[in-house]
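Coordinate inspection notes
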Amino acid sequence: MKVANTAAAVAAYVLCCQDLASAGPVRIQKRGTLDPLFEITTLGGMTFKISQVPNKKFYGQHKGRGSMAMARAFSKYGAAIPDDLLSTIEQILEELGLLGNNGSGNKTSNDPQGEVAATPQMFDSEYLAPVQIGTPPQTLNLDFDTGSSDLWVFSSETPANQVMGQDVWDIEQSSTARLQSGESWSISYGDGSSSNGNVYLDVVSIGGVTVESQAVESASNVSLSFTQRPDTDGLVGLAFGTINTVRPNQQKTFFENAVTNLASPLFTANLRKAEPGNYNFGFIDTTEFTGDITFVPVNSTNGFWQFTSEGFAIAGSAAVSAPHQAIADTGTTLLLLPQAIADAYYARVQGAVNDVSGAGGYIFPCAATLPSYTAVIGGYEAVIPGDFINFAPVDGDTFESATTCFGGIQASPASFPFAIYGDIFLKAQFVVFHGGNEELGFASKPLP
C-alpha cells in the first residue's frame, strides 16, 4: 500500500506506509505454540479456557440509534451535547415510548462457567456481558467499558422511578457485601447529569475469574441517559484505575484486582457484528485471530488505553499520513475520528451529508455502497469493511424500510483530546489489552 495526498488535505507529508511515524517501538508477536504469550498457565492445579455463554437478554429499538450513540459519546467524555441533537433525542424517545416505562428486577444464575458473551444490542449499539455479584451470586448484564474505571450497578438503593426494566443488585441479599463507610463515587456527564452512590466490597466473578473484595459502586442516583437504557444494568470499567471516581480512596478495577491470579496480565476483546463476541482474561486464544499480532505502546497517563494511529486509507487506496492520538473504547459504539478524516471518508460516499443539526452526524442513502476504512496503527492495517460502517436507519425502523442511514464513522467533537476507536472499529479486529506491558495488540480475524 502506498501513501498519497487527498483533496481533504489531511496528509501533512507523504511516506510509505511502513515508514509512518509511531509513538514508540512496535512489537510483532509471531504465532507459535511454544511462545509463552499463547500458553494457558496452570493456576492452583487448574487451567481455564472460558466457554461462550450467550446473553439472552435483548432490548432495543430501531429508529434513532445513531443520534443516541452520538449523544452518549458527547456525554461520556464531558462534551456539551448540541441543543439540536438534544431535541432530536427527545423526539426519538417520545416516539419510542421510552419516557415513562418503570420497572425493576433481580435474578440469580447457576449457569456453568462460560466465556463472557458480549451480545450486541439492536444495530450493535453496545455489547453486554453477564457478571455475578455477591453471595449467592446475582447476575447482571453489564457494559464492559475500556473507556472508564468504575464498576457501578443499578441496585436496591436506586430509586424506583429511576429503574426502567434493569435488573438490580439486591445488596441485602448478599451475605458478603460490606459497606465502605465514608466512600462514595460520582460520575458527571456532558449533558449536566450524573450518577453517584455508595461503595461496597463484594465477591465479583466474570467468566469464572473471581475477585473476593471488589469495589462495587451502588447507584443511589442514575443519569437519565442510563435510566432510559433498560438493557444495561451497569458498567464494568476496564481502563486504568487512575481515573476511578471513588473518593476519598480510589479503587482498583476488576482487571487490576484479578491480574495477579491470571495466567497472563492481559485480556482480549473479540467483538462481533450482529452476533455474540467474547472477552478472554489471562490468555490469548490463537483460534480467534489470523496472522501475527502487532503490539503498540499505550500511553496510560490519562487513564485510557491510548495509542497513536499514523494514518488511514479508504477503499484500499493509497494510505494517507494523518497521525492522531486515539483510545480503544469498548464502551463507545462509534468510531469517532478527527473531522478532516471523517470528511475524507464521506467524500467517497455518494449522497453523504453531515447533518449535525438533524441527525447528529453523517448520514447517507441506505442504498449507497460504503467503502472500507483502514486505520494504520504501528504498521498494522486495520480494515473495517464498508458494510460494518452502516450503523443504523434514520427515517425508518429497519434498514429495509429506511431510505437514509447513519454512519458508524463520525467526527469527534473538536474539544476531544483524542479520537475514539469504539465498537465499529473493534468488532472488525482482534484486540489484546496487555496490562503487564501497557500495550495494545491488533490482529486480523475471520469476519462474516
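Now for a quick tour of the structure. Nothing here was measured: the structure is a model prediction, and the numbers come from that model.

Next up on the list: the overall build of the chain. When helices and strands are counted, the chain shows seven helices and 28 strands. Relative to its full complement of 448 residues, the chain shows a buried share of 57%. If you take every contact in the chain between residues at least 6 apart in sequence, the share linking residues at least 24 apart comes to 70%. Put simply, the chain shows about 16900 Å² of open surface, and 51% of that area lies on carbon and sulfur atoms.

Turning our attention to the packing of aromatic side chains. Any two aromatic rings considered together are summarised by their centre-to-centre distance and by the angle between their planes. Across all of its chains, the model carries 29 aromatic pairs by this definition. An angle of 75° between the planes, with centres 6.3 Å apart, marks the rings of Tyr-345 and Tyr-373 as edge-to-face. In this pair, Tyr-345 sits in helix 5 (residues 339–346) while Tyr-373 sits in strand 21 (residues 373–377), placing the two residues 28 residues apart along the sequence. Comparing Tyr-345 with Tyr-373, the two get one shared label, buried. A ring pair is formed by Tyr-346 and Phe-364, whose centres lie 6.2 Å apart and whose planes are at 25°; its orientation type is stacked. Linking Tyr-346 in helix 5 with Phe-364 in strand 20 (residues 361–365), this pair joins segments that are 18 residues apart in sequence. Here Tyr-346 falls in the buried class, since its relative accessible area comes to 3%. Through a chain of ring-to-ring contacts, the aromatic side chains of Phe-144, Phe-240, Phe-254, Phe-255, Phe-267, Tyr-279, Phe-281, Trp-305 and Phe-433 assemble into a single cluster. One cation-aromatic arrangement involves Lys-273 over Phe-388; the distance from NZ or CZ to the ring centre is 5.7 Å.

On to the state of the cysteines. If you walk through the whole model with that rule in mind, you get one disulfide. Between the sulfur atoms of Cys-366 and its disulfide partner Cys-405 the distance amounts to 2.1 Å. Given an S-S torsion of about 105°, the disulfide between Cys-366 and Cys-405 has right-handed geometry. Remark: Cys-405 occurs in strand 24 (residues 404–407) and Cys-366 occurs in the loop between strand 20 and strand 21; sequence separation between them is 39 residues.

Tracing the chain through its elements places Gly-331 in the loop between strand 17 (320–328) and strand 18 (335–337). Spatially, the C-alpha atoms of Gly-331 and Thr-146 are 6.3 Å apart, while their sequence positions differ by 185 residues. Here Gly-331 is in contact with Lys-76, Asp-143, Phe-144, Asp-145 and Thr-146, once residues within four sequence places are set aside.

The rules we used
- Residues numbered from 1 in each chain as written.
- Predicted model: local features only at pLDDT ≥ 70, side-chain atom pairs only at ≥ 80, totals over all residues.
- Heavy atoms only, no water.
- Helix = DSSP H or I, 4+ residues; strand = E, 2+ residues; numbered from the N terminus.
- Buried < 20%, exposed > 50% of the residue type's maximum accessible area, 1.4 Å probe, protein only.
- Contact = heavy atoms within 4.5 Å.
- Areas by Shrake-Rupley, 256 points an atom, 1.4 Å probe, with all protein chains shown as cover.
- Phe/Tyr/Trp six-rings, centres within 6.5 Å; stacked < 30°, edge-to-face > 60°.
- Lys NZ or Arg CZ within 6 Å of the ring centre and 35° of its normal.
- Disulfide = S-S within 2.5 Å.

Distances and angles like these do not, on their own, reveal function.
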